[in-house]
Amino acid sequence: MKLFGPNPSKPTRTRAENEARTDGNGEHPSRSHRLTLGLSRAEDLALMLASSRAATMVEVADLLAGMYIYDWDRLSRYWRNGDQENIEGYLRLICRISPQRWHFWIQLHYNQWHTEEGRRKWRSLERFQKEQPPVKFLRQSTALTAILKEAEKIAPSHDTVDGRKIPILTSECVLLCIARDPESEISRKLAATGMDLAALARDALFPKHSPLD
């Protein structure tokens, strides 16, 4: 299945109010980073994907799937010489998603941008997610937390929140950290897809535009 055309109106700015996660006492932990809007949406998808397979936590593969589904038109440049259908097959295996569920999530995302019916379904999913009690929100796995911490170290852009400068994480930064992780089987599988790691590193570390633009 081939993916759809470029998203016509996807912003690249950060969310003004990024959804806060609470700890066990209902308190909001101090944020150590901000996410671009695209990465924040991918994180929402990752949570939905993990929940749909009754997982106990959100894994690196869930976030990778979320980035692929939401941000493919942005990230596809790093597979410039690859066959899209083969790349999709690799990523589906990496993310441990059946073809049927993969098609469902992609179709849902596509419809969310292009049809009123899809927008209604997406809003229903978001309402369902928000209506769940706090215990339903899944924690990040140790591996995913480590990836995001590494992305914080290399992020070239920062924002000021409550008087503190914190890094702004982009899809490129996070994807680069996933691809560079020497201990990760996902990293080795990504390399097998023909990813242009040099181009990804250039754009992640030396972006032409601010993520707040």
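Bear in mind that the values here come from a model prediction, so they are computed numbers and not experimental data. (Residues numbered from 1 in each chain as written. Predicted model: local features only at pLDDT ≥ 70, side-chain atom pairs only at ≥ 80, totals over all residues. Heavy atoms only, no water.)

Hey, could you go over the overall build of the protein chain for me, with residue numbers and the actual values?
Looking only at helices and strands, the protein chain features nine helices and five strands. Scanning the protein chain from its N terminus toward the C terminus, one meets helices and strands in the order β-α-β-α-α-α-α-β-α-β-β-α-α-α. For the protein chain, the proportion of its 213 residues judged to be buried stands at 45%. (Helix = DSSP H or I, 4+ residues; strand = E, 2+ residues; numbered from the N terminus. Buried < 20%, exposed > 50% of the residue type's maximum accessible area, 1.4 Å probe, protein only.)

Before we move on, can you summarise helix 6 (residues 142-154) with the specific residues and values?
If you check helix 6, its first and last C-alpha atoms are 19 Å apart, about what 13 residues at 1.5 Å a residue would give, namely 18 Å. By the burial criterion, the buried members of helix 6 are Leu144, Ile147, Leu148, Ala151 and Glu152. Along the axis of helix 6, the buried residues cluster in a sector spanning 145 degrees; they form a single face. Pointing more than 90 degrees away from the buried face of helix 6 are the exposed residues Thr142 and Lys153. If you follow the buried residues of helix 6, they end up packed against strand 2 (57-58), helix 2 (60-75), strand 3 (139-140), strand 5 (164-169) and helix 7 (171-180). (Expected span 1.5 Å × (residues − 1). Arc of directions from axis to C-beta. Contact = heavy atoms within 4.5 Å.)

Explain the packing of helix 3 (residues 84-94) against helix 8 (residues 185-192) to me, using residue names and the numbers behind them.
Axis separation between helix 3 and helix 8 bottoms out at 10 Å; the angle between their running directions is 170 degrees. Relative to helix 8, the element helix 3 lies roughly antiparallel. Contacts from Tyr90, Leu91 and Ile94 in helix 3 reach Ile186, Lys189, Leu190 and Ala192 in helix 8. Grouping the amino acids of the contact of helix 3 with helix 8 by side-chain chemistry returns six nonpolar, no polar and one charged. (Axes fitted to C-alpha atoms, helices over the stretch in contact; angles between N-to-C directions. Parallel < 35°, antiparallel > 145°, perpendicular 65-115°, else oblique. Nonpolar A, V, L, I, M, F, W, Y, C, P; charged D, E, K, R; others polar.)

Which residues make up the environment of lysine 153, and what values do they have?
Tracing the backbone shows lysine 153 in helix 6. A residue is classified by how much of its surface remains accessible, and lysine 153, at 65% relative accessible area, is exposed. On a C-alpha basis, the gap between lysine 153 and leucine 169 in space is 9.8 Å, while along the polypeptide they are 16 residues apart.

Lay out the sheet that holds strand 1 (residues 34-35) in plain terms, naming residues and giving numbers.
Ordered by their spatial adjacency, three strands build an open sheet running 1-5-4, and the pairing between neighbours is mixed. One side of each edge strand has no neighbouring strand; the edge strands of this open sheet are strand 1 and strand 4 (158-161). Here strand 4 runs beside strand 5; their pairing, made up of four bridges, is antiparallel. Within strand 5, the residue paired with aspartate 159 across the bridge is isoleucine 166. (Pairing = 2+ DSSP bridges.)

Outline the pattern of salt bridges, supporting the account with residue identities and numerical values.
In total, this model carries eight salt bridges according to the counting rule given. One salt bridge connects aspartate 203 with arginine 77, and the closest N-O pair in it is separated by 4.0 Å. Placement of the pair is aspartate 203 in helix 9 (residues 197-205) and arginine 77 in the loop between helix 2 and helix 3, with a sequence separation of 126 residues. Put simply, aspartate 203 and arginine 202 hold a salt bridge, and the shortest N to O gap is 3.6 Å. Aspartate 203 sits in the buried class, given a relative accessible area of 19%. Salt bridges sharing partners connect three or more residues here, namely Arg77, Arg202 and Asp203. (Salt bridge = Lys/Arg side-chain N within 4 Å of Asp/Glu carboxyl O.)

Tell me about unusual backbone geometry, residues and numbers included.
Despite not being glycine, aspartate 162 has its phi angle at roughly 50 degrees, a positive value. By secondary structure assignment, the location of aspartate 162 is in the loop between strand 4 and strand 5. What makes aspartate 162 exposed here is its relative accessible area of 74%.

Before we move on, could you go through the environment of isoleucine 106 and cite the residues and values that matter?
Relative to the elements of secondary structure, isoleucine 106 occurs in helix 4 (residues 99-114). In this structure, the C-alpha to C-alpha distance between isoleucine 106 and tyrosine 68, residues 38 residues apart in sequence, is 9.2 Å.

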